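# An overview of the molecular structure
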Amino acid sequence: MRKAHRKEEGIGTAVALLLLSVLSVVCLTLGTLGIFNLRYTNDYSYKTAARFAAIEGLNEAAAAIYGSSSWTTGFSNTSQISAPGKYYVTFSTSTPYYSTNNANGSSAVTGYKNVSVPPGYVYLISQGNVNGAWNSTSKKYDGGQTVKVATMIKAPVPNNDSAWNYAVFCNGFFNVSGGGKFETGSYNSITGSPSYSTPNDTSGGDVGTNSIAAAIIALGSSNFFSIGGNVSLPPGADSSTAVTNSSKIDGTIIIRTSVISIPIVADFVTAISPVSDVSGGSKKSYMTITPGYYGSLENGYYTLSPGDYSFSNINLGNGAIALSSTTNRVRIYVRGTASTSDIDIDFGNGEINNSSFKSGLLLIYGGTNVTKVNIQGNAEAALGLYTPNATIDYQGTGELYGSFICNNFTLSGGGHGNIFHDAALNQTSVPNPDDEYSKIKSFTYIE
């Protein structure tokens, strides 16, 4: 019996050792698979991040082309705005993966890897990388994950007969003689030449009207008034009587060959019922709003996500509007009220925070019933304002960037303000500017 018991103990030990060996193999296999999966996941995540970096390079290059069709500056190992990747775009044919700008060509040209680029088009290639290092000799990324993408875009055609080409354009009068100071100038939010921080104060800040009335452009007589650009009048206007204190114009008075149409824009947001007013937020905690159809936008602090909005009116008070994106556009339609005594768009003493100063990222349109716009405050603001039936009353002391299109424009209450036209809007059309910040619709991977 003792021998049999010992034999059973030996068999049990052997089975236990066998099971232990099997478990060890299983654990080792699972561990190896886990490490492989982790590496695969990391590689996939890094490759995805590199792809997003490359696409951002395409988007930024496309935006630059829309700002200036002849742009070939490129981006040299540029960091993403809010992500860890970097991208590289070049037009130098002596470097690999080069882009080709044929926007102003008259015939097709050959781009990278014999791609045919038709006249009026730009072939863009972007390298995106995460966790690698830029090699300035080979003009490639070493290490990490790199993704290369390409797209063909149609270059914009400059629209020289557009109200968006002006710092201020009116159907009626432009009167800044009652304020304390007023100047116009220009900058380019896409090319950065000139930049918003050092704008050109002697050209590009044009003012225009569709009226032929006498003194329709009324400028102040003091040394604190100047139009840093041209004054544009419609056919039939008398340049000798239409402008007061014309010596304050840095450019010239131009008689156009046609009237510039600024029609009312239809609401681009589908109406819903009932609608809710929007109010809330604080300086320390902004309230995020998503695109949609709303009632009034009341005094508060708001972050707007990219997309289209419709409000019955805006009464910002002492609040603020901030954009959540520096690449994707926000469009706001203001429906207005039937009462002519109401201020349909009242920015009050509020702030508009568009940190990129790309005015095309915030476009505000006024409907038929929008007849009064009030701009106060002393903060900087970059936007495009399109209100064909409204009188803009500018009482502020801050600086405005973009383009302001209206029925009438007046500077009152001793206002001290400057308006700098964003030349990136020059290649847009009325009433809806082309989306120079729209995302690339499609792309291909290249090696």
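In the block above lies the structure referred to throughout.
This report concerns the structure included in the present document.

Criteria and thresholds
- Residues numbered from 1 in each chain as written.
- Predicted model: local features only at pLDDT ≥ 70, side-chain atom pairs only at ≥ 80, totals over all residues.
- Heavy atoms only, no water.
- Helix = DSSP H or I, 4+ residues; strand = E, 2+ residues; numbered from the N terminus.
- Buried < 20%, exposed > 50% of the residue type's maximum accessible area, 1.4 Å probe, protein only.
- Contact = heavy atoms within 4.5 Å.
- Areas by Shrake-Rupley, 256 points an atom, 1.4 Å probe, with all protein chains shown as cover.
- Core = buried A, V, L, I, M, F, W, Y, C linked by side-chain atoms within 4.5 Å.
- Lys, Arg positive; Asp, Glu negative; His and termini not counted.
- Salt bridge = Lys/Arg side-chain N within 4 Å of Asp/Glu carboxyl O.
- Polar contact = N/O pair within 3.5 Å; in protein donor to acceptor, adjacent residues only side chain to side chain.
- Pairing = 2+ DSSP bridges.

### With respect to the overall build of the protein chain
A tally of regular secondary structure across the protein chain gives 2 helices and 33 strands. Out of the 447 residues belonging to the protein chain, those deemed buried represent 48%. Within the protein chain, counting contacts between residues at least 6 apart in sequence, those at least 24 apart form 58% of the total. Accessible surface for the protein chain amounts to roughly 20100 Å². Of this, 52% is attributable to carbon and sulfur atoms.

### Some details on the environment of Ser69
Along the chain, Ser69 falls in the loop between α1 (2–67) and β1 (75–79). For the pair formed by Ser69 and Tyr121, sequence separation is 52 residues and the distance between their alpha carbons is 9.4 Å.

### Points about the nonpolar core
Counting 54 residues, the largest nonpolar core has Phe174, Phe182, Ile332 and Phe409 as its most contacted members. No other element matches the 6 residues that strand β30 (residues 381–394) contributes to this core. If we skip the residues at most four places from it in the chain, Phe409 touches Val168, Cys170, Phe173, Phe174, Asn175, Val176, Phe182, Ile392, Tyr394 and Ile419. Ala63, Phe75, Val89 and Ile190 belong to the second-largest nonpolar core, a separate cluster that totals 24 residues.

### Concerning the side chain of Arg335
Within the secondary structure layout, Arg335 lies in strand β25 (residues 330–336). Notably, Arg335 is buried but unbridged: the nearest opposite-charge side chain belongs to Asp267, and the N-O separation is 4.6 Å. At a separation of 3.2 Å, a polar atom in the side chain of Arg335 contacts the side chain of Tyr293. Of note is the side chain of Arg335, whose polar atom sits 2.6 Å from the backbone oxygen of Tyr294. Setting aside residues no more than four positions away along its own chain, Arg335 makes contact with Asp267, Tyr293, Tyr294, Gly295, Ser310, Phe311, Ser312, Asn369 and Val370.

### Some details on the pairing of β25
Each regular strand displays side chains that alternate between the two surfaces of the sheet. For β25, a buried count of 7 out of 7 residues is recorded, marking the element as mostly surrounded by other parts of the structure. Across 5 bridges, strand β22 (residues 307–311) lies against β25 in parallel orientation. Within the sheet, the bridge partner assigned to Asp308 lies in β25 and is Arg331. Both β25 and strand β28 (residues 362–369) contribute to a ladder of 6 bridges, which runs parallel. From the neighbouring strand, Arg331 faces β28, where its bridge partner is Leu363.

### A short note on unusual backbone geometry
Looking along the chain, the bond that leaves Ser193 and enters Pro194 is cis, with omega of -5 degrees. If you trace the backbone, Pro194 turns up in the loop between β12 (181–187) and β13 (207–209). The linkage connecting Ser273 with the following residue, Pro274, adopts the cis geometry, with an omega of -5 degrees. Along the chain, the position of Pro274 falls in the loop between β18 (253–255) and β19 (287–289). For Asn77, which is not glycine, the phi torsion reads 50 degrees and is therefore positive.

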